[in-house]
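In case you want the letters, here they are:
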Amino acid sequence: GRRVCQFRFADVVDFEATFGPGAFGRFNRRRAFRVVPGDRDKIEIELTWGEKGSSGRLADISVTGMGIGITVDGITVDLAPEVGGTLVPLDRLTLSFRLPGCDTRMRIMGIVRNRNLKSKSICYGVDFEWGQSDESQQQAEAVRGYVMRQQRSMLERSAWIRRG
């Protein structure tokens, strides 16, 4: 009984002026189903761009990209504005991480697609840049497998809650 609609906003500036700066982030602009790590899964990510780098934790992931929260002193936070000024949309970076259920550490190229202000911090969305190499395709398959496992887990929890 539900209807799914897709919206495309031609001018982000007008949209934010009309609905406020936080409204744009409520839309899934990734073109794919997102999942979040399980409660017990803290997925650490190393990011490098140019001569700079940082570490963070996975906020959410899909087969096309991920959201990242940068860690400071072991606490997951978004990137501080003074550090975040060095990473902007369309910057290319390297993401290095290990997904639960995957034996090897992944090293994936990405491109910053969005940068959202959240009170005193900044949250980044990154699109994966899958290559044609066998290694890149194996990593893409590992990400797809993880997303599918998380999606299945979400559906099972949802069914359990409805039965209970």
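Look up a bit, the structure's there.
Residues numbered from 1 in each chain as written. Predicted model: local features only at pLDDT ≥ 70, side-chain atom pairs only at ≥ 80, totals over all residues. Heavy atoms only, no water.

## Comments concerning the pairing of strand β2 (residues 52-61)
Point 1. Both strand β1 (residues 44-49) and β2 contribute to a ladder of six bridges, which runs antiparallel. Note that in β2 the partner of glutamate 44 across the bridge is arginine 57.
Point 2. Hairpin remark: β1 followed by β2, antiparallel, with two residues in the connecting loop; positive phi at glycine 50, about 55°. (Pairing = 2+ DSSP bridges. Helix = DSSP H or I, 4+ residues; strand = E, 2+ residues; numbered from the N terminus.)

## Some details on the pairing of strand β5 (residues 92-97)
Point 1. Counting buried residues along β5, five of its six residues qualify, which places the element largely inside the surrounding structure.
Point 2. Relative to β5, β1 runs antiparallel, the two sharing four bridges. In the sheet register, isoleucine 45 faces β5, and the bridge partner there is phenylalanine 97. (Buried < 20%, exposed > 50% of the residue type's maximum accessible area, 1.4 Å probe, protein only.)

## Some details on the packing of aromatic side chains
Both the distance between ring centres and the angle between the ring planes are used here to describe each pair of aromatic rings.
Point 1. According to the stated counting rule, one finds one aromatic pair in the structure shown.
Point 2. When the ring of phenylalanine 128 is compared with that of tryptophan 130, the centres are 5.0 Å apart and the planes differ by 50°; the resulting orientation is tilted.
Point 3. When its relative accessible area of 8% is taken as the criterion, phenylalanine 128 is described as buried.
Point 4. Overall, the relative accessible area of 26% leaves tryptophan 130 in the partly exposed class. (Phe/Tyr/Trp six-rings, centres within 6.5 Å; stacked < 30°, edge-to-face > 60°.)

## Considerations on the pattern of salt bridges
Point 1. In total, this model carries five salt bridges according to the counting rule given.
Point 2. In this structure, glutamate 129 engages arginine 92 in a salt bridge whose closest nitrogen and oxygen atoms are separated by 3.1 Å. Pair noted here: glutamate 129 is in the loop between β7 (121-128) and α3 (134-163) and arginine 92 is in strand β5, with a separation of 37 residues, a long-range link.
Point 3. On the basis of relative accessible area, glutamate 129 is assigned to the partly exposed category, the value being 27%.
Point 4. The closest approach of N and O atoms between arginine 113 and aspartate 127, which form a salt bridge, is 3.0 Å. With arginine 113 in strand β6 (residues 106-118) and aspartate 127 in strand β7, this residue pair connects regions lying 14 residues apart in the sequence.
Point 5. Here arginine 113 falls in the partly exposed class, since its relative accessible area comes to 43%. (Salt bridge = Lys/Arg side-chain N within 4 Å of Asp/Glu carboxyl O.)

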